[in-house]
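Observations on the model geometry
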Number of protein chains: 2
Amino acid sequence: MNVDSIQKIVFIGAGNLATHLSQALFRAGLPIAQVYSRTESSARSLAERLNARCTCSIDEIDRDADLYFLALSDKALVPVLEQLKPTRGIFLHTAGSLPMKVLQPFSKLYGVFYPLQTFSKKREVDFSRIPVCVEACNEELKALLLDLGRRISDKVSEVSSEQRGQLHLAAVFTCNFTNHMYSIGQELLQDQNLDFEMLQPLIMETAAKVQTMEPRNAQTGPAIRFDEQIIKKQEAALKQYPIFQKLYRFVSESIHKMHSKN
Amino acid sequence: MNVDSIQKIVFIGAGNLATHLSQALFRAGLPIAQVYSRTESSARSLAERLNARCTCSIDEIDRDADLYFLALSDKALVPVLEQLKPTRGIFLHTAGSLPMKVLQPFSKLYGVFYPLQTFSKKREVDFSRIPVCVEACNEELKALLLDLGRRISDKVSEVSSEQRGQLHLAAVFTCNFTNHMYSIGQELLQDQNLDFEMLQPLIMETAAKVQTMEPRNAQTGPAIRFDEQIIKKQEAALKQYPIFQKLYRFVSESIHKMHSKN
C-alpha cells in the first residue's frame, strides 16, 4: 500500500490533536470519511470541516477503512479499542507516552503517528513545521507512515517507543512546566497590580533564543552562579508564596547543579 | 530639563543591557559621550558603535554629564558609586532587583530606568516593544524619564521599587527558570540521541500562546488533573534523573494546587 492508494480514513477522537491533524491531512488531499467522538457536537463540528460523516456510537464506526487514527486520551484508548469491531485496517495511535505495543492485541497492522506540538482548537498552527514521529510494526508500514507524514510536515522521523516516551517527558518540561512558570509570573504581577503584558516580550525572546542557541548556553540569572546573597534575598521576597518559594530554591539548585557539572 | 535639552550622557557599564540600551538611545538621537567599563575591550567596542569616548578608569569618568546610566551588576553598583567623584548629573540605575533608594547617598537627582528583557550581545532586539519601567525621586524627573523612555519604547510606565522587585522575580520564573525547563528537555533528548530541534516548535508555540491567552487558561498536561497514574508513570521514567524526578513531582503538585484553588 502507498499513500495514494489510501481510499478511506476514519478519525477516532475529535479533540485538539485530532482537529489539527485531520485538517492537515484533509488539506493534503487525504480521504477522511468519518469522525467518531463520544461528544456529538465535537464529532459533528469536525466532520463538517472535513466533509465527512460523523458518529458518536462506537458500533457505527466504519469497518472498511484503510486507516484508523486513534486520537484519544491515554485513558480512553484501550477501552475504545476493546469495543471496536474487528477490521482489517491499520491502527495508528497519536500519543507520546504510550508504547506502540498497546495496539498489538487489536490489529495485525499498527503503528504510531505522533505530532509533537501543543494544540488548541482556537489556534491555527503551521503543520509543515511540526515534527512528526512515526513508528510501525513492519518495514512496509514504516515506509507508508514516513510518506504520509511528509505530505503534511517537513520534519518526519522514525522514533521508537522508548525515544517517544522520553520526548513526551521532555515536552512536559518544556511546554507544561514552562507554562506553569508563566502562570507564576502572572500571579506575582497580579498581586502588584501589574499587567501580564509586561512579561510577554521577555517570554517570546526567551523562547526565540533557543531556536538558534542551545538552552544550556542561553542560561542567565543569579542561579547559574548560585549567588547565595541574591538567592536568599529573592527567596525572602517570596515569603507570601510558600510553594513558589520552595520551587524557587529547588529550581535554582537544579540550575546550579546542571552548570557546575561541566 | 526636558529630553531635548540633554547634552551629555555617560554610560557606566558595557554589558548586555548597556549595549542594547545605549544603542537604542543613540539611534534615537541622544548624545552619549562616554562609556566606562572596567574591561577595556568592552568599553572600546561599545564606544565605537556610539561614536563616544571610552575609559576603564573610574577617575576618568566625565563629571559634567547630565545623565549617568549605571548599567552594572547588582554587586558592582555601590562599589563603583563609592568611587565616583561628585557630579551634578542625574543618576539612573537599570536593575530590576535594586530599590531606587540605593542611589540616594550619591546624588540629589536619581531614578531607575529598567527595560524588562533578556539581552545577549549577539542578538538584535526590537527595543520599541520592550517594557521600560521608570521611577524617579521627584515629579519633574519622572516626567523626563517617561519622555526619554518613549523615545525608544512604546511601552513605558511608572513602576515603584516594590513593584519592580516583584516584576524581577516574575522574570526569574518566566525567563531563567523557563530556560532551565528547556535545558532539561535538551538533556532528556540527548540521552536518547534525539535532536533538541524537535522541541523548538513546541517551545515557540507555548510562548506564542500566552501572547493572546492567560497562562492559567493555557495550562495543559497530566498535572492539571493530577492524574496520579500518569504522574507516577512519568516519575518512574525519570528514575535515572533524581533531580528532574523531584522537580517533576514538585512542579506537578504546584500546577495542581494552582488549578484546584479556583
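What you see is a predicted model; the values in this text were computed from it and never measured.

Before going further, it helps to examine helix α9 (residues 228–237) of chain B. Turning to α9 of chain B, its buried residues are I230, I231, Q234 and E235 of chain B. Projected onto a plane normal to the axis of α9 of chain B, the buried residues spread over an arc of 135° and lie on a single side. Turned more than 90 degrees from where α9 of chain B packs its buried face, Q229 and K232 of chain B sit exposed. Buried residues belonging to α9 of chain B abut α3 (74–83) and α5 (161–190) of chain A together with α8 (222–225) and α10 (242–260) of chain B.

Residues and elements named next belong to chain A. Across the sheet, which stays open at both edges, the eight strands sit in the order β3-β2-β1-β4-β5-β6-β7-β8 with mixed pairing between neighbours. Looking along the sheet, the strands with just one partner apiece sit at the ends: β3 (53–55) and β8 (156–158). Across this sheet, the average inter-strand angle for adjacent strands is 20°, counted without regard to direction. Most of the contacts of helix α1 (residues 16–27) go to strand β1 (residues 9–12), to which it runs at about 165°, and overall it touches β1, β2 (32–36), β4 (67–70) and β6 (110–115). Against the sheet, helix α2 (residues 40–49) touches β2 and β3, its axis set at about 170° to β3.

We now examine the relation of the copies chain A and chain B. Laying chain A over chain B is done by rotating through 180° and shifting 0.0 Å along the axis; what remains is an RMSD of 0.0 Å. What the superposition gives is, in effect, a two-fold axis relating one chain to the other. No C-alpha of chain A approaches the rotation axis more nearly than that of T178 of chain A, which lies at 2.6 Å.

Residue and element names in this part refer to chain A. Residues I9 and F11 point to one face of β1 and V10 and I12 to the other, with burial holding for every one of them. As judged from the four bridges shared by β1 and β2, these two strands associate in the parallel manner. Counterpart to I9 in the pairing with β2 is I32. By the bridge criterion, four bridges tie β1 to β4 in an arrangement that is parallel. The residue of β4 that forms the bridge with I9 is L67.

In this section: the pattern of salt bridges. Any two side chains of opposite charge can pair, so long as their charged atoms come close to each other. All chains considered together, the criterion is met by 28 salt bridges over all chains. Between D62 of chain A and R53 of chain A there is a salt bridge, and its shortest N-O distance comes to 2.6 Å. Salt-bridge contacts for E235 of chain B lead to R249 of chain B; the nearest nitrogen and oxygen are separated by 2.7 Å. You can see E235 of chain B sitting in helix α9 and its partner R249 of chain B sitting in helix α10, a full 14 residues away along the chain. Overall, the relative accessible area of 17% leaves E235 of chain B in the buried class.

Next up on the list: the packing of helix α10 (residues 242–260) of chain A against α10 of chain B. For any two helices packed against each other, one specifies the crossing angle of their axes together with the interaxial distance. Look at α10 of chain A against α10 of chain B: their axes get within 11 Å of each other, and the N-to-C directions meet at 155°. As far as their axial angle goes, α10 of chain B and α10 of chain A are roughly antiparallel. α10 of chain A and α10 of chain B meet at a crossing whose hand is left-handed. Counted together, I243, F244, K246, L247, F250, V251, S254, K257 and M258 of chain A of α10 of chain A and I243, F244, K246, L247, F250, V251, S254, K257 and M258 of chain B of α10 of chain B form the full contact between these two elements.

Let us look at the interface of chain A and chain B. Listed as interface residues are 92 residues of chain A and, on the opposing side, 92 residues of chain B. Roughly 9100 Å² is buried in total at the junction of chain A and chain B, and carbon and sulfur atoms are behind 63% of that figure. Summed over the shared surface of chain A and chain B, the number is two salt bridges. When the shortest N-O distance is used, the salt bridge between E205 of chain B and R123 of chain A registers 2.7 Å. Here chain A is connected to chain B by 42 residue pairs in polar contact (both at pLDDT 80 or more).

Our next topic: the nonpolar core. Core analysis: the largest hydrophobic core is formed by 116 residues, its most contacted members being I12, F173 and L188 of chain A together with I12, L167, F173 and L188 of chain B. Beyond its immediate stretch of four places on either side in the chain, F173 of chain A contacts T178 of chain A together with M181, I184, L188, L238, F244, L247 and Y248 of chain B.

On to the sheet that holds strand β5 (residues 90–93) of chain B, then. Residues and elements named next belong to chain B. Pairing in this open sheet of eight strands is mixed, and the strands run β3-β2-β1-β4-β5-β6-β7-β8 from one edge to the other. Of all strands in the sheet, those with a lone pairing partner are β3 (53–55) and β8 (156–158), marking the two edges. Across the sheet, the mean angle separating the axes of adjacent strands is 20° when strand polarity is ignored. Across the sheet, helix α1 (residues 16–27) touches β1 (9–12), β2 (32–36), β4 (67–70) and β6 (110–115), and the angle it forms with β1 is around 165°.

Right, let's get into α1 of chain B. Residues and elements named next belong to chain B. Across its 12 residues, α1 extends 17 Å between first and last C-alpha, which sits within 8% of the 16 Å expected from 1.5 Å per residue. Taken together, the buried positions of α1 are L17, A18, T19, H20, L21, S22, Q23, A24 and L25. Those residues of α1 that are buried are in contact with β1, β2, α2 (40–49), β4, β6 and α4 (139–152).

The rules behind these values
Along each chain, the written sequence defines residue order, and numbers are assigned to residues from 1. Here every chain gets a letter starting at A, and every ligand a number starting at 1, in the order they are written. A pLDDT threshold of at least 70 governs which residues receive local features in this predicted model, and a stricter bar of 80 or more applies before side-chain atom pairs are shown or counted, although totals over entire chains, interfaces and linings include all residues. Heavy atoms throughout the structure, all of them, feed into the side-chain values; hydrogens and water do not. Accessibility here uses a 1.4 Å probe with only protein chains present; expressed as a share of the type maximum, an area under 20% marks a residue as buried, one over 50% as exposed, and anything in between as partly exposed. Each helix corresponds to a stretch of at least 4 residues labelled H or I by DSSP, and each strand to a stretch of at least 2 residues labelled E; elements are numbered beginning at the N terminus. Directions pointing from the helix axis toward each C-beta atom define the arc. The contact rule is simple, with two residues in contact once any of their heavy atoms fall within 4.5 Å. Pairing between two strands requires that DSSP report at least two bridges joining them. A fitted line through C-alpha atoms represents every axis, and for helices the fit uses only the stretch in contact; the resulting angles, taken between N-to-C directions, go from 0 to 180 degrees. Residues below a pLDDT of 70 in either copy are left out; the C-alpha atoms of the rest, at least 70 in both, set the least-squares superposition of the copies. Basic side-chain nitrogens of Lys or Arg form a salt bridge, by our definition, when they fall within 4 Å of a carboxyl oxygen of Asp or Glu. Note on terminology: angles under 35 degrees are roughly parallel, angles over 145 are roughly antiparallel, angles of 65 to 115 are roughly perpendicular, and the others are oblique. Left-handed describes a crossing whose near helix is turned anticlockwise from the far helix through less than a right angle; right-handed describes the clockwise counterpart. A 1.4 Å probe defines the accessible area here, and the buried area is the portion of it lost by two parts on being joined, summed over both. By the criterion applied in these results, polar contacts are pairs of N or O atoms within 3.5 Å in which, for protein atoms, one can donate a hydrogen and the other can accept it, and in which residues neighboring in sequence qualify only through two side-chain atoms. What we call a nonpolar core is a set of buried Ala, Val, Leu, Ile, Met, Phe, Trp, Tyr and Cys residues that are connected through their side-chain atoms within 4.5 Å. To estimate the expected span of a helix, count its residues, drop one, and scale the result by 1.5 Å.

Geometric values such as these leave the question of function open.
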